[in-house]
Structure formats: structure tokens, C-alpha cells
Amino acid sequence: MKTNRSPLSELENLSAYLDDQLQPIEAEELRQRLAQESELRRQLEDLRRTRYILRRTPKVKRLRNFVLSPEDIRRQRFAAQAMNFSRLISAAASVLLLVMIGTQFLLGGGLMAGAPAENFSLMVDEAADDLGAEEPAAETMMLESVPMEEAAEEDSADDSIDAALVAEETEMPAAEEAEMLDDAPTQTPELDGAGGGPPVEGEPPAPEATSEAEFSPDERSMPTEKDTSTEGGVGESGLTGEEVQSQDEVFATEPAEPTLVISLSPARIVQAVLLLLAVAGALMAAYYRKQVR
Amino acid sequence: MQIMQDSFDETKMVEFALEGDLDAFNRLVLAYQDLAYNVAFRVVGERTLAEDAVQDGFLAAYRKLKTFRGGSFKAWLLRIVTNACLDELRRQKRRPMVPLQPYDDYDEEIESPEWLEDPGESPEENLVRSELSAAIQNCLDDLENDFRVVVVLVDIQGMDYAEAAAVVESPLGTIKSRLARARARLQDCLHGFGELLPDTFRFEGESIP
């Protein structure tokens, strides 16, 4: 239940009056008002009763002692030192990391400009996460150098292993292309005669093939063949079923192949270690801070 | 040891403690632990949290002893303990609340917890004390931390405005204002308990001394 109450300043004065904390002049003025105003007297009485109740709040008994043992002090000192050390490590690692990144940025003209191929591979990983399989062309366009180097070295056996790995990472293109692989040997003879017929169902998006052709024309003739086999129908390529299958297997591995590249340049490793140190230091400092309390 | 033979002299104990004498500091702990625990209990509203806050407070006080610049050691110590209480409350926001009334091994509510028991009281008196304590705590819990600390220091622990101002490091005017508003809020809340309060504590009851 709420009672009618005076404005805050009057409430404060009544409360202070109750505790003899008003200046003599203020107290005298209030006393005169109290003599005339019954509502003010009632408010003062309610405050007095509230204070009375609060003053009789039962004391609580301790169930334990709080004296400190030398062990408590030692533990606290150790925790305090450990906290300071962790903070120092964290701060130092953060500063070094920032300096490294800043230097790389300033000297290299930007994070991407001076970065080796592995930077691109990281970007691809992120892009793959963000875009999933919806935009395979975007992946391919960002990956010019890595596939060229790797593709030259790898034989078809590697490709087939990679194809399995890629299937895990890029579900959509792999699924579509696997479908194509299944269909290709049987459809080719029929389509040979049909030349320029309707596009095959489940063909991959055109931009992917185009971008592949643009970015790695000198390393393989495959993209061109792939263009014909996917865009214009298999019949235009003039390839046998076996050849088409083999080419398609290679094609199927291409978009996601760079995602398997693990960047292990010394600078990258140092950055990762510094980042780990900064995070670990901060976590340890937070833990020891709790101990210090 | 010479400290233990001397009568309790707060200033001397502080001096010895500043020199690293843990026994001297523990004499101060023994002198103030009841007050610290009662303040902490009313501020945080729960026994184990209060124990943690007091323990943390004494540890922090020992660690920061060099920052004590004279004046009231009691106020300085209570400032550290109330800060530890506020830290506990902030942490508590991230954790579920533990009920004020404890439960026994059979999940039955213990009506008269042992930390409120007074061996000299009859069971009826003990029940009244327990109910009053719970009602007041319930109302205190609804106050903002700043208001609760001031009303606990002044009305429950009986400090004057100046002492409370030293504890919370605020001007007298702030204490006056917070106390008035806290009392008004508590008055409304305690009204709500009506007949649950003992006769002498009811607002409609006989006039108080």
C-alpha cells in the first residue's frame, strides 16, 4: 500500500529531522509546520515506525571465522603475481601482433598486396564458409595461383582423392557434378549426334567455367573442353565418354582444391602464436583476478 | 607475543599490520567480522554470498592496507567489504539466486535457520524474529544497491550520517537523500506485510516509543 507523500525535498527533511540532522533553523521551521499539519505529522510517524522496525532487524550469526591464514596470504600473492604476469604476456603479445600486422600492411601496401598465396587460400576458406556452394565462381576467381601450381604437379590419382575431399567442403557443386559424371558416359553417344541440343540438366553455372577459362588458360586445356561439355552439350566436344568422364572428374575437383592448402609461412605461424598468447594471457589474467578477489 | 598481551588498540594493530604482522591484522578481523558479516548479509541477502564477500573484503583489506590513510579504520574496512558485496551482486546477476530460506535434507523449508537463532529465545520469539528478518530482507532486496547500502549502514547498523558518508565516499547530502528515499520505499514494502509483522511493528498498531 502506498501512502500520500510529500515531495522529495520534504521527505528528505522529515527523514533528516527524525535523525536530528537538520540545521537548527530548518528544524524549527519544520517543527512549526508539524504543529499545524496533521498529514505531515502522520508522514513523520510512518517514517519513525519504519526506522524503528529497521533498527530492530535481527542480527545474524556468523557460522565461520574470517581470520586470514598465512596460506591465504600466500595464495593471494601468488594469484596477484600470476595475474600481473598474464596481463603482461597478453599485452605484449597483442602489441607485437599489432606491430606485425601494421608493418605488413604498411610495407606491403596493404594486407593483400604483399601476401603470398596462402592469404588467398584463407580468403577462400572464409568465402566458402560465407557463401557455401551458392557461388562457386567467386571461389574460383579468387584462386588463380594456387590451382595452377598444384594442378601441374598432381596426377589424376591425386585428383580423385581431392574430389572426395572437395565433396565434403562444397556440397552443391560436387553433388551436381557427380550427377554429371554418372550421366556423361551414357549420354555422350546420343548427344554426339544431337550437336547443339538442349543443355544437359544439372549443368554447373556458366560463370564458373568462364572464370576458370579466364584465369588459368595456359596451364590446361581442360577449362575450354569443360565449357563445351557443359554449355553447349557434350556432343560438341567430340570427346568419347571415357574422356569426358576423366575431364569432368578433374573439373569436379577444381573449385574447392585450393581450400586444402594449409598456409604455414613463418609470419603466419608467429601471428597465430601471438594471437594465442594474447588470448591465453587474457583468460589467465581473468582467472587469477578471480582468485585474487 | 607482545600484541596478544596488549589490550586491543586499533591504531596500534593497524600499525603492526602495516609492518606485515598478520596476527595484528587478525585482531582487527576479530573485532569487525560480526559487523562486516551483518552488513554483508543485509546487502547481498544471502549467507554464502555474504561469507564470500566478507572473506574477499578482508583479503582485499590486508592487501590494500598501505592505502589506509588514517581516519576511521572501521569506515575504511566497511567500504572495502561493501564494495566486495557489490562485486558479488554483480556476479550474482549472471547466476541463479539462492533462496533466503534454506532447506533441510528432506527438502523441507527450515523456518528458523540456525544463523538467526538466539538460544535465549522461546520458539515463538524465534519465529517472530525469523519472520521479521525475512520481511525486512525481502524489502531490502527490492532497493537499488546504493540505497540499500546506506539504509543498512544507518538504520540497521546504527551509524551516523558522517560515518556512512565515509563508508560510501559520498557527501552528507547524498546520504540524507538516499536514506530518505530508501526509508520511503521500505515503508511502502513493509506496509504490504501487514499482519505478518509483529504487533509492535505494524503501521496501524500502537504508537512506538
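Everything discussed here concerns the structure shown above.
What counts, and at which threshold
- Residues numbered from 1 in each chain as written.
- Chains lettered and ligands numbered in written order.
- Predicted model: local features only at pLDDT ≥ 70, side-chain atom pairs only at ≥ 80, totals over all residues.
- Heavy atoms only, no water.
- Helix = DSSP H or I, 4+ residues; strand = E, 2+ residues; numbered from the N terminus.
- Buried < 20%, exposed > 50% of the residue type's maximum accessible area, 1.4 Å probe, protein only.
- Contact = heavy atoms within 4.5 Å.
- Areas by Shrake-Rupley, 256 points an atom, 1.4 Å probe, with all protein chains shown as cover.
- Phe/Tyr/Trp six-rings, centres within 6.5 Å; stacked < 30°, edge-to-face > 60°.
- Buried area = accessible area lost by both parts, 1.4 Å probe.
- Salt bridge = Lys/Arg side-chain N within 4 Å of Asp/Glu carboxyl O.
- Polar contact = N/O pair within 3.5 Å; in protein donor to acceptor, adjacent residues only side chain to side chain.
- Expected span 1.5 Å × (residues − 1).
- Disulfide = S-S within 2.5 Å.
- Core = buried A, V, L, I, M, F, W, Y, C linked by side-chain atoms within 4.5 Å.

Asks: So what exactly am I meant to see when it comes to the overall build of chain B here?
Replies: Across its full length, chain B holds nine helices and zero strands. When its helices and strands are written in sequence order, chain B yields α-α-α-α-α-α-α-α-α. The burial tally for chain B puts 54% of its 209 residues in the buried class. When contacts within chain B are restricted to residue pairs at least 6 apart in sequence, long-range pairs at least 24 apart make up 54% of them. Carbon and sulfur atoms make up 48% of the accessible area of chain B, which totals about 10,100 Å².

Asks: When you look at the packing of aromatic side chains in this model, what are you seeing that I'm missing?
Replies: Applying the stated criterion across every chain yields a total of eight aromatic pairs over all chains. Here the aromatic rings of Phe66(A) and Phe58(B) are separated by 6.3 Å at their centres, their planes lie at 45°, and the arrangement is tilted. Of this pair, Phe66(A) sits in the loop between α3 (38–55) and α4 (70–107) while Phe58(B) is found in helix α4 (residues 47–63), placing the two residues in two different chains. For Phe66(A), a relative accessible area of 0% corresponds to the buried category. According to the relative accessible area criterion, Phe58(B) is buried, its value standing at 0%. Centre to centre, the rings of Phe73(B) and Trp76(B) are 5.6 Å apart; their planes meet at 35°, and the pair counts as tilted. Residue Phe73(B) and its partner Trp76(B) are both found in helix α5 (residues 73–92); the two are separated by three residues, about one turn of the helix. The burial state of Phe73(B) is the same as that of Trp76(B); both residues are buried. The structure contains a cluster of three or more aromatic residues connected by ring pairs, namely Phe66(A), Tyr37(B), Phe41(B) and Phe58(B).

Asks: Is there a simple way to think about the interface of chain A and chain B in this case?
Replies: For interface size, the figure often reported is the accessible area lost on association. Every contact between the two is made by 46 residues of chain A and, on the other side, 59 residues of chain B. For the pair chain A and chain B, the two sides together bury roughly 5,100 Å², of which 60% comes from carbon and sulfur. For the pair chain A and chain B, the number of links is two salt bridges. For Asp19(A), the salt bridge goes to Arg183(B), with nearest N and O atoms at 2.9 Å. At the junction of chain A and chain B, the tally comes to twelve residue pairs in polar contact (both at pLDDT 80 or more).

Asks: Which parts of the structure should I look at to understand helix α9 (residues 172–193) of chain B?
Replies: Residue pairs spaced three or four apart in an α-helix point in one direction, given the helix's 3.6 residues per turn. Its 22 residues place the ends of α9(B) 31 Å apart at the C-alpha level, agreeing with the 32 Å of an ideal helix rising 1.5 Å per residue. Immediately beyond the C-terminal end of α9(B), within one or two residues, lies Gly194(B), with a positive phi of roughly 45°.

Asks: Whenever I open this one, the state of the cysteines confuses me. Can you help?
Replies: Note: disulfide means a covalent bond formed between the sulfur atoms of two cysteine side chains. Residue and element names in this part refer to chain B. Throughout the structure, instances matching the rule amount to one disulfide over all chains. The residue that forms a disulfide with cysteine 139 is cysteine 189, at a sulfur-sulfur distance of 2.0 Å. Disulfide cysteine 139-cysteine 189: the torsion about the S-S bond is -85°, which places it as left-handed. You can see cysteine 139 sitting in helix α6 (residues 123–141) and its partner cysteine 189 sitting in helix α9, a full 50 residues away along the chain. By the burial criterion, cysteine 139 is buried, and cysteine 189 matches it.

Asks: Just to check I follow, could you spell out the environment of Leu77(B) for this structure?
Replies: Residue and element names in this part refer to chain B. Checked against the element boundaries, leucine 77 lands in helix α5. Take leucine 77: its relative accessible area is 2%, and that puts it in the buried class. Counting along the chain gives 41 residues from leucine 77 to alanine 36, while the straight-line C-alpha distance between them is 8.3 Å. Leaving out residues up to four positions away in the same chain, leucine 77 has contacts with Tyr32, Phe58 and Ala61.

Asks: I keep staring at the nonpolar core and nothing clicks. Help me out?
Replies: The nonpolar side chains of soluble globular proteins are, as a tendency, buried together. Of all hydrophobic cores here, the largest spans 86 residues; its most connected members are Phe25(B) and Phe73(B). When residues in this core are grouped by element, the largest group, 14 residues, is from helix α3 (residues 22–44) of chain B. Aside from chain neighbours lying at most four places away, what touches Phe73(B) is Glu10(B), Val14(B), Leu28(B), Tyr32(B), Leu65(B) and Phe68(B). Core analysis: the second largest hydrophobic core is formed by five residues, Ala79(A), Ala82(A), Met83(A) and Ala285(A) among them.

Asks: Explanation requested: the pattern of salt bridges in the structure shown.
Replies: Should the charged atoms of two oppositely charged side chains come close, the side chains can pair. Taken as a whole, this structure holds 19 salt bridges over all chains when the rule is applied. Across the pair Glu39(A) and Arg42(A) runs a salt bridge, and its minimum N-O distance is 2.5 Å. Here Arg42(A) and Glu39(A) lie together in helix α3, a separation of three residues that amounts to about one turn. We classify Glu39(A) as partly exposed; its relative accessible area is 35%. Two residues, Glu88(B) and Arg91(B), come together in a salt bridge whose shortest N-O distance is 3.3 Å. Here Glu88(B) and its partner Arg91(B) are both found in helix α5, three residues apart, which amounts to about one turn of the helix.

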